[in-house]
Amino acid sequence: MSSIEIVDNTVSQLSLLLSEKKLSSFEITQAFIDQTNRVDDRVHAFLHLDEKNFLKQAEESDERRKNGKTKGKLDGIPIALKDVISVEGQPLTAASKILENYISPYDATVTRKLKDAGVIIGGRLNLDEFAMGSSTENSAFGPTHNPWNLDCVPGGSSGGSSAAVAAREVPISLGSDTGGSIRQPASLCGVVGMKPTYGMVSRFGLAAFASSLDQIGPFGKTVKDVSLLLEIISGHDPLDSTSFPREVPAYGSLIEDKLEPSVIGLPKEFFGEGMDQEVRDSVDKVIDFYREQGHKIIEVSLPTTELSIPVYYMIATAEASSNLARYDGIRYTSRSKYSENAIDVYAKSRGEGFGEEVKRRCILGAYGLSSGYYDAFYLRAQKTRTLIREDFNRVFDEVDTILTPTSPTPAFKFGEKSDDPISMYLSDIYTISTNLAGLPAISVPCGFTKNRLPIGMQLIGKAFHESELLSIAHAYDREHNFGCESPQLV
Amino acid sequence: MNESETNSMDIDYVSNLARIELTVDEKEKFRGQLGDVLKYFQKLQKVDVEGVEPTAHAFPRYNVWDEDSPKEPYNIDQVMMNAPQSRNNQIVVPKVVED
């Protein structure tokens, strides 16, 4: 099999080829490195790739296999991580100048779990600085390009993670999702991306943006691959006090079980103005598919939908302004050379080290938390967040899953929204409320526009019902496999 | 709080609170953009939240205890390797007390 053929395989297929000894982990890893070298000068999904270390891990995996000591299904499969997830001894920049020279002193819990499962970890993937953005244009090291159209953004903030899978530079990747940062780029790049229930995956070792909303989650070409990866990274972690003590089901095999007819809700507020017609048409076909499969489709209402953007941007910026206080030029970030006293070190190091969107959000967050404005902004947003959760609870009394588009439009052009924060914020309108409610949600590719830009649909599940959510997503995905189509980059 | 109080921002005051030094151009740009964002946030002022409890976490957990026992610490090189300025395994900081 040539390297170009190897990279088109899903993880499930690669895992089979490994167990049948038709390919080695070294050959697989080399094939993905070759592909990265062919395309990444145009895509720019990677911020860092240590090829030698990558291949060394692959050799170790092959050695384990030879000795009958394979650690599991994904032993020997390569992965790359969004550059906010710590890997001991590797850089972590969060796409920010302020962390340009930072090296992680320890592994994130998800990293340790991947290592325990024998997954080959290589490379750091691009993002919007500190995961703040919806286009990857906010990276201090230059944007990532959408593999389906290099003039378009890949979405964000995990744009490197989605583009790397779409461009076949890795078969799977990890990202983080605070308001849609996994699902929106998955949709714009035509791959599968999932945000688990808040508390299912440990956040230890993830550079924090908004701690009550952040979740790490998987990307892949298929729902099956994403399920296999989720199984590895999930589970309780004593190092993250918000992590939930729950059993992790065997998602990868459970999704193959026969699916009982269920009830799918379509929130009428999501299907209103602002949705692109081609997106609408694709999602209508998904609705038809589920109906034909015997599921009941009903209209539901989430009246607080329009409040989710202001609530989100108030809460997320407030938490960010507090979380990012640690980047102060003292212990582990670059320090301004022009400072005269301690306050100056903070203000100048942050002024020089942060990009525009990060500054804008920290200032907005500080404003919402400041004396005299706290009640009107931050507290009010937290109370409205309760109303948003109650909306979902009410709907989930009636339905098993909620179906929506992932993003109102396909990928947009560079610069189209970068000077208009509100229009950029609105590109997360369908994804944001699930983070506020802590629910699991997945974006699955469901077609293309006539200009060959991918379209994604979103399925939202009940809290901690990942198995059911993945099963219903898999039922569609295994029949359509849009994530397995390749962009013409080679 | 009336509308004009909640849709404008004293950018000098808030950027100082956030400990971020802004250039003159950034101040000008942010003043307009953040003003627009605050205007957009007016939607929140109209929501009836009387008697509603705030949500800080979707699924809060309380009293998460850990065994009070020593663990393996990071070694000094790991701790110091990212410090912008250090001497004798200590981080050098600007003077914070008056003469």
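Given the structure is predicted, the values throughout are model-derived calculations rather than measurements.

(A) Representation of the interface of chain A and chain B within the structure. Across the contact, 75 residues belong to chain A and 54 residues belong to chain B. Buried surface at the junction of chain A and chain B, both sides included, amounts to about 5,600 Å², of which 67% is carbon and sulfur. Counting the surface chain A buries against chain B, the share from its top three residues, A:Ile363, A:Tyr367 and A:Arg380, is 12%. Where chain A meets chain B, there are four salt bridges. One salt bridge in this structure joins B:Lys29 and A:Glu356, with 2.9 Å as the shortest N-O distance. Linking chain A with chain B are 26 residue pairs in polar contact (both at pLDDT 80 or more), by the criterion used here. If you list the elements that add at least two residues to the side of chain A that touches chain B, you get helix H11 (308-323), helix H12 (342-353), helix H13 (356-369), helix H14 (375-396), helix H15 (421-426) and helix H16 (432-437) of chain A. Ranked by residue count, the leading element in the side of chain A that touches chain B is H14(A), at 12 residues. The residue inventory of the side of chain A that touches chain B, partitioned by class, reads 41 nonpolar, 19 polar and 15 charged.

(B) Region of the structure containing the confidence of the model for chain B. Residues of chain B with pLDDT of at least 70 account for 92%, and the chain-wide mean is 89. Mean pLDDT across the elements of chain B bottoms out in helix H1 (residues 3-6) of chain B (58) and peaks in helix H2 (residues 11-17) of chain B (95).

(C) Local environment of the side chain of A:Ser443. Residues and elements named next belong to chain A. One can find Ser-443 in strand S10 (residues 441-448). According to the relative accessible area criterion, Ser-443 is buried, its value standing at 0%. A distance of 2.9 Å separates the side chain of Ser-443 from the side chain of Thr-406, its partner in a polar contact. The contact partners of Ser-443, leaving out residues within four places of it in the chain, are Arg-183, Ala-186, Ser-187, Val-191, Val-192, Gly-193, Thr-406, Gly-456, Met-457 and Gln-458.

(D) Representation of the pattern of salt bridges. This structure, assessed with the given rule, holds 29 salt bridges over all chains. A:Asp107 serves as the salt-bridge partner of A:Lys115, at 2.8 Å between the closest nitrogen and oxygen. Across the salt bridge formed by B:Asp66 and B:Lys71, the nearest N and O atoms sit 3.2 Å from each other. Side by side, B:Asp66 and B:Lys71 carry an identical accessibility label, which is exposed.

(E) Focus on the pairing of strand S5 (residues 192-195) of chain A. Residue and element names in this part refer to chain A. The side-chain alternation of S5 yields two buried faces, one formed by Val-192 and Met-194 and the other by Gly-193 and Lys-195. Inspection of the sheet shows S5 paired to strand S6 (residues 215-220) by two bridges, in the antiparallel sense. Residue Gly-193 lies in a different strand from S6, and its bridge partner there is Phe-219.

(F) Inspection of the packing of aromatic side chains at higher detail. Under the counting rule described, the total for this entry stands at 21 aromatic pairs over all chains. Between A:Tyr106 and B:Tyr74, the ring centres sit 5.5 Å apart and the planes meet at 20°, which makes this aromatic pair stacked. Placement of the pair is A:Tyr106 in the loop between strand S2 (78-82) and helix H5 (109-116) and B:Tyr74 in the loop between helix H4 (42-45) and helix H5 (76-80), with the two residues belonging to separate chains. Centroid distance A:Phe244 to B:Phe59: 6.4 Å. Interplanar angle 85°. Geometry classified as edge-to-face. With A:Phe244 in the loop between helix H8 (223-233) and helix H9 (251-254) and B:Phe59 in the loop between H4 and H5, this residue pair bridges two chains.

(G) Fine view of the layout of surface pockets. Residue and element names in this part refer to chain A. In this structure, the largest pocket encloses a volume near 550 Å³. Along its surface, the largest pocket is lined by 24 residues, and Tyr-102, Pro-105, Tyr-106, Arg-326 and Tyr-332 are the ones closest to its centre. For the lining of the largest pocket, the class distribution of residues is 14 nonpolar, six polar and four charged.

Procedures and definitions
Residues numbered from 1 in each chain as written. Chains lettered and ligands numbered in written order. Predicted model: local features only at pLDDT ≥ 70, side-chain atom pairs only at ≥ 80, totals over all residues. Heavy atoms only, no water. Contact = heavy atoms within 4.5 Å. Buried area = accessible area lost by both parts, 1.4 Å probe. Salt bridge = Lys/Arg side-chain N within 4 Å of Asp/Glu carboxyl O. Polar contact = N/O pair within 3.5 Å; in protein donor to acceptor, adjacent residues only side chain to side chain. Helix = DSSP H or I, 4+ residues; strand = E, 2+ residues; numbered from the N terminus. Nonpolar A, V, L, I, M, F, W, Y, C, P; charged D, E, K, R; others polar. pLDDT = per-residue confidence, 0-100. Buried < 20%, exposed > 50% of the residue type's maximum accessible area, 1.4 Å probe, protein only. Pairing = 2+ DSSP bridges. Phe/Tyr/Trp six-rings, centres within 6.5 Å; stacked < 30°, edge-to-face > 60°. 1 Å grid on protein atoms, 1.4 Å probe; cavity = no way out; pocket = protein on both sides within 12 Å on 5 of 7 lines; lining within 4 Å. Points joined across faces, edges and corners; volume = space filled by probe spheres on them.

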